Every structure is written in structure tokens, then in C-alpha cells.
Amino acid sequence: MSSQIFRSASRAARSFLSSASKNSRFYSEGRAAAAAAAVSLSGKAPLIVSAYGRTGSANAQQWISGALVIPMAAYMLQEQEARAAELERTFIAIKPDGVQRGLISEIISRFERKGFKLVAVKIVIPSKDFAQKHYHDLSERPFFNGLCDFLSSGPVLAMVWEGEGVIKYGRKLIGATDPQKSEPGTIRGDLAVGVGRSSTARNIIHGSDGPETAKDEIKLWFKPEELVNYTSNAEKWIYGNN
């Protein structure tokens, strides 16, 4: 396919999509078909069309026929990337007390049930130096050493979650810093008591408190290649793209 044909077909695809209702079955089927076509850009479009035609409707088969298939797939991927750019990412860590108490699945399930998407996860035992980097903004506080000692005292489950409003609402899911002041229904309110050498040590979980903090903490705990970009099957039901 020449570049001129590709550009022409891409413009046609874009024009077609802009006039289609995103709530229609036609749009939904076309989106699924184009996403399927995107898995192969090596001249196998007729096979993809044929395979989809056996399970899809006649409208969808006609919609992706001919030279539109690959350009449409590329355009759909661009649309998905633009959508991903709108979603926030936040850093969440289950502290050593949460890991040792067997609360990993409980905490993860709360974020999943809300509709947020896990895009990075690993379990590590931070060094004292690393903990000091994580809590650098609290270095002048009297409980700084206690925080760092506790964070480096055992395994930590480090995570990155993605979703609309995940930074602000993630903090609501977690609850107040002091578990004694956390509302019932929050992670700390339900699962933590708030004992230890400082009121902020054994509170099970940490979450970024703002966009800049989230960016810095994700960069500290994860390499770029450890962050995964993908579209969850549930997103169309969460964000209304079905």
C-alpha cells in the first residue's frame, strides 16, 4: 500500500469515525474489528477480515473491507493512546505491616472494584537509603528516622495504578494518615489501628498525595520499561465507550 493511499484511507477513516455515534453498536463493532486488525500490519488484513466476518455482523465486515483496514486500525490505536494520556497514574505501596499481615489481596481488590487498573507491581525490601529518598520531603520532621526504619524493615509491595481521578480518589480509598482518624470503609479505617514508634509508621499503605508526587515516586520505584500500557476489557463499561 503506498503512503498516498494510506493517508487518503486514514482521512476517510477519521472522517467516518467522527460522524459515527460512539454509543452505537456499529461503532463498537468497528472499534473491535480495527483493534483486531492492528495486531498484524504485515499484509494479512484479508485474513483478519475473513476471521472477523465469521463472528461479526455484515455491517462490521463491510465497514473494515478493502484498503481501510490497516489505516483504521492505526487510527484506533492513536485514539486509544490519546485516551490513555487522559488517565492519571499514582504510586501505591503496601507497607511491611500490610504485607506481613496478609492484606495484599484485600487492598488490591478495593482498587480493582473501584475500576482502577494495575499497570506495574513488584515486591521489594527497600534499603534505608532508598527509604530516605522516598520520604525526603519529611526529612526535617522528628519522626523521619522512624518512618525510614519501618519502610526498610521488610517487604513492600510497590504498585502503579491508572484511572480517572486515581490520585485524589486513591487517597480517599486509603483514608487519613492516622488510622484512628480514618473513616470506616477506608483501608486504614477498616484494617489499621495506628500503633508503633510514630503515628504514621504502621498504617499499612502509602499513596501519592498529588500529581507531582506521583510522578516522582513512580520514577523512584519503577523503571520506564516496568510500566505496562494496555487496554482493559472493563474500560468500555467503566468509561462508557461501549
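Here is what the cut-offs are and how they apply
- Residues numbered from 1 in each chain as written.
- Predicted model: local features only at pLDDT ≥ 70, side-chain atom pairs only at ≥ 80, totals over all residues.
- Heavy atoms only, no water.
- UniProt positions renumbered as here; feature names shortened; annotations may be inferred.
- Helix = DSSP H or I, 4+ residues; strand = E, 2+ residues; numbered from the N terminus.
- Buried < 20%, exposed > 50% of the residue type's maximum accessible area, 1.4 Å probe, protein only.
- Contact = heavy atoms within 4.5 Å.

Under the annotation held in an unreviewed UniProt entry, the protein carries the name Nucleoside diphosphate kinase and is attributed to Linum tenue. In its Sequence similarities (unreviewed entry) section, the UniProt entry covering the protein states "Belongs to the NDK family."

A.B. asks: Hey, could you go over the overall build of the protein for me, with residue numbers and the actual values?
C.D. replies: On a plain count of helices and strands, the protein comes out with 13 helices and four strands. Taken across its 242 residues, the protein has 43% of its residues classed as buried. Long-range contacts, defined here as pairs at least 24 residues apart, represent 77% of the contacts in the protein between residues at least 6 apart.

A.B. asks: Could you give an account of the UniProt feature "active site" (unreviewed entry) in the protein, naming the residues involved and the relevant values?
C.D. replies: Within the UniProt annotation, "active site" (unreviewed entry) is assigned to His206. On the secondary structure map, His206 appears in strand β4 (residues 205–207). Exposure remark for His206: the relative accessible area of 14% places this residue in the buried category. Apart from the residues lying within four places of it in its own chain, the contact partners of His206 are Phe91, Ile92, Ala93, Lys95, His134, Ile174, Arg188 and Glu217.

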